[in-house]
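Examination of the molecular architecture
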Amino acid sequence: MISQADIYAAKILIVDDQEVNLRLLEHLLQSGGYTAISSTLDARAVAGLHQRHQFDLIILDLVMPGMSGFDVMDALRPLELEGYLPVLVIAADPDAKLAALEAGARDFISKPFDALEVLTRIRNMLEVRLLHRAARHYNTLLERTVGQRTAELQRFRGAMDATTDAIFLVDVLGMTLVDVNDGACRLLGYARAELLALAPGTLLPSPPAPPLAALPGGAAHLATEVTECELVRRDLSLVPVELGWHWYAQAPVAGGQGAGGLLLIAVARDISERRQAQERLKHMAHYDGLTGLPNRSLFYQTLAQAVELAQEKSWRIVVLFIALDRFKSINDTLGAALGDELLRQFSNRLVECVRLRDTVGRLGNDEFALILTMSRNQQEAVAVANQVREALRAPFDLRGHAATLTASIGIAMYPDDATDPETLIKYANTAMGGAKQAGRDGYRFFTAGMNVQVLARLDLELALRHALEHEQFILYYQPKVDLRTGRISGVEALLRWRRPGYGLVAPAEFVPVLEDTGLIVRVGAWVIQAACRQIAEWRDSEVGPVHVAVNVSSRQFAEGDLEGEVTHALAQHEVAPELLELELTETALMSNAERTIVVLGKLKKIGVKVAIDDFGTGYSSLAYLQRFPIDKLKIDIAFVRNITSNPNDAAIALAIVSMAHSLKLSVVAEGVESRPQLEYLRRNRCDEIQGFYFSRALPALELGQMIVAGAGLPPGHDPAAQPAQTLLIVDDDVNVLSSLHRLFRPEGYHILTASTPAEGFEMLALHRVHVIVCDQRMPSMSGTEFLSKVKELYPETIRIILSGYTGLEAVLDSINRGAIYRFYTKPWDDTQLRDNIRLAFQHYWMVNQPGLARVAVR
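Residues numbered from 1 in each chain as written. Predicted model: local features only at pLDDT ≥ 70, side-chain atom pairs only at ≥ 80, totals over all residues. Heavy atoms only, no water.

1. Here we look at the nonpolar core
What counts here: Buried Ala, Val, Leu, Ile, Met, Phe, Trp, Tyr and Cys residues that are joined via side-chain atoms within 4.5 Å together make up what is termed a nonpolar core. Under the scheme applied here, a residue whose accessible area is under 20% of the maximum for its type counts as buried, over 50% as exposed, and between as partly exposed, the area being computed with a 1.4 Å probe on protein chains only. The contact definition used throughout considers only heavy atoms, calling two residues in contact when any of these lie within 4.5 Å.
Membership of the largest hydrophobic core comes to 104 residues, with the highest contact counts inside it found for Val548, Ile689 and Phe786. Ignoring any residue separated from it by four or fewer positions in sequence, one finds isoleucine 689 in contact with Pro479, Lys480, Val481, Leu483, Val668, Ala669, Val672, Leu678, Leu681, Phe694 and Leu713. Formed by 33 residues, the second largest nonpolar core is a distinct cluster that contains Phe327, Leu370, Leu405 and Ala407.

As structure tokens, then:
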């Protein structure tokens, strides 16, 4: 804007050949306030003066001698490169005025002068001239600034294109893209021209509000705001970016002239990899790395959310706590890699058992849990529990190894049992423990009584720690008997706990707790010490040397120094190593097979004996069995309990005896509780027995007295003696038994009678029976069923059915299968039946002992 002072200070030149006109115009201008007035009578000097002084206005008379006003304008024109002549002509002729304007003059004044007109036209021309000069000066400055900024922009573009970030320059006033770099083109998949043709609003989110005021003093960085968002690429895919908005205040283009402005630069950095890493970290923090299921932390969070929603909706939440039965044994046997594969396969099956809205999580090594949202009917929880159990029925294929599993499941409900997630899971875990105690492969709902059991378990743990510190543990000893001599061959040391206020606590109540808490390692070391001490006491007394076996836990191998504990105890009590025997379960052997082989090998070298306890119930490999330095196998009580009546149990027990003898190992049968069991095992070459039939576990003093007294078993039958012809008659009718006994007594047979199949099995175990006559219809078991089992147990016997029952289908089937030799009906013909039984004995001797056949039938 041109000020009043600028106008009055403008430089004015008056050119006229008349002195009076010069003075008149000078007076008029001075009285009008103008201060920079020059004048000349010489028209030829005008061009030189203007070149030196650059007048803002030249008042020029057109008619002058020597050089006209038109000639003066021609001389001035080369000095004004832009063609703007600041000339105001003085003329009286109208045609001359028009000619002057066409020659380049900007205006004219007429003669005679009108003061108001002259001053007005002079002021207007000065304003235009000063504005034109200011515009020209501004343009010059602008061109210089543009040149500088063009160079800066080129440098900036080089820097922009060198960075991998995407940079967008936005014109704030028009909200258009001024420029973008190569990084922006790569990030969004556009060419540069395509990007610049788009509005910033279609590419970028709305920018933050600009600062309220620009900073003075030229260009300055005013503000930066960084956010995370997603930009849309050309292919409509989304790319996550960290977007920084940078506001810059620009200085005015010409110093003090023109307005400055705000420049907006958006810098976008691709954070896809960072997002992926964050997602991976988040996933690792909330999901199980092996199965991909929610881990304990996320499971608790999900349960808390489910409970909160259930409170609003009045829903029922059910938590199922699932623990795999005997997983540790499989993991120890097959190795951690196959154990992990088993967990992965199980987790996949578990997910298939639930609905999409339900949650499956892995809480621990072999512990899983489910969150179910359901109606008030708890049968839905039962259905899911059974579905999980059924999912485990099919074997798992572990790279060629088939493995089967069962699960114990505990169930707790919101709001019935608890209203907070921690308590719900704790109660479900407690119920799961109840399912395990009930025999595994089942489910239990939480009850208040279970919580009492948990508190009792905690109390038991504390009491056990106190027991170890205060020497409340003692050892009882159960004798083992050599079946060849009938004498005591050794003892097994069995742990007992004399708990104050409770008396003697059975091992089944506290040994599992010792295992779970790890106290078994310290207690096991104490047992070895106590056993060696007792061996030394017996050795130095009238009892003499006694072989003592102690049980060793798998945790003693994994967490203790078993080799050091044994050698230290033997040395401390000066006990011969061959008097100590270590009993290990198959699970303990296989938990770390290679290490176990090394440790047992070292103990074997010094003379310590090794036995496998509960053989046949674990997962040991026969290939490994040959590598272990074993002396003895112990048949588990599970196979001994029904050995005289269950062909499967008998077959397993006899297979163990046969295999052990083939490997030059001796065999001990555990849990022998009856004479028939004893005789059956003795007849089938079992080496030793142990069980209540001979003696329960006794304190050391009583056991020593038993040994000193020479206690033992009666000898078995002499196999060299000529066998009597033994006939067993089985019938639930005592009258029939009496009649048949009278019928066959004159034949000289050794006659045995039994009124039930159970008594028949006992007689078969106690005596070497040759011929069996059995009734078909008995309350507990039919004759064909009884003789089918006898065929498996005693295949050499001759088996005959005697019955008045007319249904022959089962009998004929048994004959065809070889289960029975003959079938005779009631009532019988005495003579014919005697002859047939005589032929049955003859058939027996011909098949089994041909040399005795003629003697036996005389």
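2. Some points on the packing of aromatic side chains
As a reminder of what qualifies: Aromatic rings from Phe, Tyr and Trp, taking only the six-membered ring of Trp, are treated as a pair when their centres fall within 6.5 Å; an angle between ring planes under 30 degrees marks them as stacked, one over 60 as edge-to-face, and anything in between as tilted. Here a strand is any run of E in DSSP of at least two residues, a helix any run of H or I of at least four, and the numbering for each starts at the N terminus.
In this structure the tally under the stated criterion is 14 aromatic pairs. Ring centres of phenylalanine 473 and phenylalanine 510 lie 6.0 Å apart, and the angle between their planes is 35°; on these two criteria the pair is classed as tilted. One end of the pair, phenylalanine 473, is in strand E18 (residues 473-482); the other, phenylalanine 510, is in helix H17 (residues 507-517), with 37 residues separating them in the sequence. Classification of phenylalanine 473 by relative accessible area gives buried; the value is 4%. Residue phenylalanine 510 is classed as buried on the basis of its relative accessible area of 0%. Ring geometry for tyrosine 477 against tryptophan 538: centres 5.0 Å apart, planes inclined by 65°, an arrangement best described as edge-to-face. Of this pair, tyrosine 477 sits in strand E18 while tryptophan 538 sits in helix H18 (residues 519-539), and the two are 61 residues apart along the sequence.

3. Describing the sheet that holds strand E13 (residues 367-374)
To keep it simple, the criterion reads: At least two bridges found by DSSP between two strands are what make those strands a pair. To obtain an axis, a line is fitted to C-alpha atoms, over the contacting stretch when the element is a helix, and the angle between two such axes runs from 0 to 180 degrees between their N-to-C directions.
Strand order in the open sheet formed by 5 strands is E12-E13-E11-E16-E17, and the pairing between neighbours is mixed. Bordering the open sheet on either side are strand E12 (359-362) and strand E17 (442-445), each of which pairs with just one other strand. The sheet shows a mean angle of 20° between the axes of neighbouring strands, direction not considered. Note that strand E11 (residues 316-324) and E13 share 8 bridges and pair antiparallel. Paired with valine 318 across the two strands is leucine 372, which belongs to E13. Against the sheet, helix H15 (residues 421-437) contacts E11, strand E16 (407-414) and E17, and its axis sits at roughly 145° relative to E16.

4. So, helix H20 (residues 562-573)
Worth spelling out the cut-off: Here a helix's expected span is defined as the number of its residues, less one, multiplied by 1.5 Å. Directions from the helix axis toward the C-beta atoms define the arc.
With 12 residues, H20 ought to run about 16 Å at 1.5 Å a step, and its terminal C-alpha atoms sit 17 Å apart, in line with that. All buried positions along H20 are accounted for by Leu562, Val566, Ala569, Leu570 and His573. End-on, the buried residues of H20 take up no more than an arc of 95°, which puts them together on one face. Elements that come into contact with the buried residues of H20 comprise H18, strand E21 (548-552), helix H19 (554-559), strand E22 (580-585) and helix H22 (593-605). Looking at the residues trailing H20, positive phi occurs at glutamate 574, about 55°.

5. Some points on the side chain of glutamine 776
The following threshold applies: Two N or O atoms count as a polar contact when they lie within 3.5 Å, although within protein this holds only if one can serve as hydrogen donor and the other as acceptor, and sequence-adjacent residues are included solely when both atoms are side-chain atoms.
Tracing the chain through its elements places glutamine 776 in the loop between strand E30 (771-774) and helix H30 (783-793). In this structure the side chain of glutamine 776 is engaged in a polar contact, spanning 3.1 Å, whose partner is the backbone nitrogen of threonine 784.

6. Re helix H26 (residues 675-683)
In terms of burial, H26 is largely enclosed, as 7 of its 9 residues are buried. The set of residues buried in H26 consists of Pro676, Gln677, Leu678, Glu679, Tyr680, Leu681 and Arg682. Buried residues along H26 sit in contact with helix H24 (637-640), helix H25 (647-662), strand E25 (666-670), strand E26 (688-690), helix H29 (757-766) and H30. Looking one or two residues past H26, arginine 685 carries a phi angle of roughly 70°, positive in sign.

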